[in-house]
Amino acid sequence: MNARRVVITGLGMISPIGNNKKDFWDNLIEGRGGIGQIDRFDASDFPTRIAAQVKDFNVQDYIPRKDARRMDLFVQYACSAARIAVEDAGLQLDAAEAPRVGVWIGSGIGGIQTFEEQHAKMLQKGVNGLSPFFIPMMISNMAAGQVAIMLGARGPNGCTVTACASGSNSIGEALQLIRLGKADVMIAGGTEASITPVAVGGFCAMKALSTANEDPSRACRPFDIKRDGFVMGEGAAILVLEEMEHALRRGARIYAELAGYGASADAVHMVQPDIEGRGAALAFSMALADAGIKPEEVDYINAHGTGTELNDQVETRAIKSVFAEHSYQMLVSSTKPYTGHMLGAAGAIELIASVLSLVNNTVPPTLNLEEPDPLCDLDYVPGKARQKELKVILSDSLGFGGHNAALVIRKI
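Fair warning: this is a prediction, and the values are worked out from it, not measured in the lab.

Cut-offs applied
Residues numbered from 1 in each chain as written. Predicted model: local features only at pLDDT ≥ 70, side-chain atom pairs only at ≥ 80, totals over all residues. Heavy atoms only, no water. Pairing = 2+ DSSP bridges. Helix = DSSP H or I, 4+ residues; strand = E, 2+ residues; numbered from the N terminus. Contact = heavy atoms within 4.5 Å. Axes fitted to C-alpha atoms, helices over the stretch in contact; angles between N-to-C directions. Expected span 1.5 Å × (residues − 1). Buried < 20%, exposed > 50% of the residue type's maximum accessible area, 1.4 Å probe, protein only. Salt bridge = Lys/Arg side-chain N within 4 Å of Asp/Glu carboxyl O. Phe/Tyr/Trp six-rings, centres within 6.5 Å; stacked < 30°, edge-to-face > 60°.

A. Expanded view of the sheet that holds strand E8 (residues 256-265). Pairing is mixed in the open sheet, where ten strands are placed in the order E5-E4-E6-E7-E1-E8-E14-E13-E9-E10. For this open sheet the edge positions go to strand E5 (157-158) and strand E10 (331-333), each flanked by a neighbour on one side alone. In terms of strand pairing, strand E13 (residues 392-399) meets strand E14 (residues 403-410) through eight bridges, oriented antiparallel. When the bridges of E14 are listed, Leu394 appears paired with Val408. Sitting on the sheet, helix H10 (residues 278-291) touches E8, E13 and E14, and the angle it makes with E8 is about 145°. Strand contacts of helix H13 (residues 346-360): strand E1 (6-14), strand E6 (185-192), strand E7 (235-243), E8, strand E9 (300-302), E13 and E14, with the helix running at about 165° to E13, the strand carrying the most contacts.

Structure below.
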């Protein structure tokens, strides 16, 4: 066990199913997903015309209008979720505290909305049509940079870009920084705003997205034999991580301990996972060993569960290889049918879901699981939420490029 223990004291989200933890959690346990028709742009000619878009978001509720105008949407989401998380944690940053507070926020794609808009302007007006804010609005690290500016956090600051594992890796790296004594508090998570013509079109070209356009609420079907691809989502999820003694000294409410982190590579293909699940299994095992937890102690896995054919089978295979017979005793579910696949924010929003599951002793159901794939034969909590005493939860993320990350939380 590491001498410096790390706890979670704040949760913040901007998501397709709620921009506060009550709405987010209520929608999860009541089975209300956020997937619908794309209205951000005209997608009528696209093979996929559905996504999980953020709703009821007014950036000026969180950020001054002047500042927001110089931020891509993915940065606006991150700053807003960070403000919510810091307020939830009751964290006050002063000049003395600031050097010990860091920010680590991942994004898989970054400011693609700004990129598309500026590219169009350049085609129309030439190089002189480009905004001087083009580059600083677009680059992926700017979410972490702008959150630090907003809060005055002067500690370690960075961005992990590992596709769909970016959020989980960012939280894991933040955990390590606190353990190493480089910071006492880290504001960590992921953000994404890539429901744009080029991004959606690119995933369509890969044939990675569901084309169940006529019934959006049933399009994302993890572990179901009729699954036909993932559904894009967007938003941000930020957690306040804190060295436990620091949190106790200031009387903070503690949600859970962030006890373990594992990261690995498949090292086999650009976008297809290792069919044997060895990379994912390695990340699971590393996270459990880091936490000092035995496989049979895990009560629930919040799975990556994208609803693509290979991912769901590979993830199930990886779970079985690590947890053996216990695989059939614990619960597994995917929350992507609610939020869509939030890409670089997926791991972070799923860790927040896991924290709320731990606090409430309730596992959200996997929506739309009606006819399980015979190769996916675990208890994926179909139909409705399940009450269960929860002490240890693992959340995992598996990204393009073969990036795998796993996080373990437990009750204190």
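B. Structural view of helix H4 (residues 112-125). The terminal C-alpha atoms of H4 lie 20 Å apart, and with 14 residues this matches the ideal 20 Å at 1.5 Å per residue to within 8%. Residues Ile112, Thr114, Glu116 and Gln118 constitute the buried set of H4. Structurally, H4 contributes buried residues whose contacts are with helix H5 (134-138) and helix H8 (197-206). Downstream of H4 by one or two residues, Gly126 has phi in the positive range, about 80°.

C. Seen up close, the pattern of salt bridges. For the structure on display, the rule yields 23 salt bridges. Glu370 is the partner of Arg221 in a salt bridge, and the nearest nitrogen-oxygen pair spans 2.9 Å. In this pair, Arg221 is assigned in the loop between H8 and E7 and Glu370 in the loop between strand E11 (362-363) and strand E12 (386-387), connecting sequence segments 149 residues apart. A relative accessible area of 8% means that Arg221 is categorised as buried. Arg386 is paired through a salt bridge with Asp379; the nearest N and O atoms lie 3.0 Å apart. A single network of salt bridges, built from pairs that share partners, joins Asp215, Arg218, Arg221, Asp224 and Glu370.

D. Layout of the environment of Val103. In this structure, Val103 sits in strand E4 (residues 101-106). In sequence terms Val103 and Gln329 are 226 residues apart; their C-alpha atoms lie 37 Å from each other. Ignoring anything within four residues of it in the chain, the contact list for Val103 reads Ala144, Val147, Ala148, Ala153, Pro156, Asn157, Gly158, Met186 and Ile187.

E. How the structure looks around the packing of aromatic side chains. Tallied over the entire structure, the rule returns seven aromatic pairs. Measuring from centroid to centroid gives 5.1 Å for Phe57 and Tyr77, while their planes differ by 70°, and the two rings are edge-to-face. On the criterion of sequence distance, the pair formed by Phe57 in the loop between strand E3 (50-51) and helix H2 (65-68) and Tyr77 in helix H3 (residues 73-89) is long-range, its members being 20 residues apart. Residue classification places Phe57 among the partly exposed residues on the basis of a relative accessible area of 21%. Between Phe203 and Phe230, the aromatic rings sit 5.4 Å apart at their centres with planes inclined by 80°, giving edge-to-face as the arrangement. With Phe203 in helix H8 and Phe230 in the loop between H8 and E7, this residue pair connects regions lying 27 residues apart in the sequence. Residue classification places Phe203 among the buried positions, given a relative accessible area of 11%.

That's the geometry; what it means functionally is another story.
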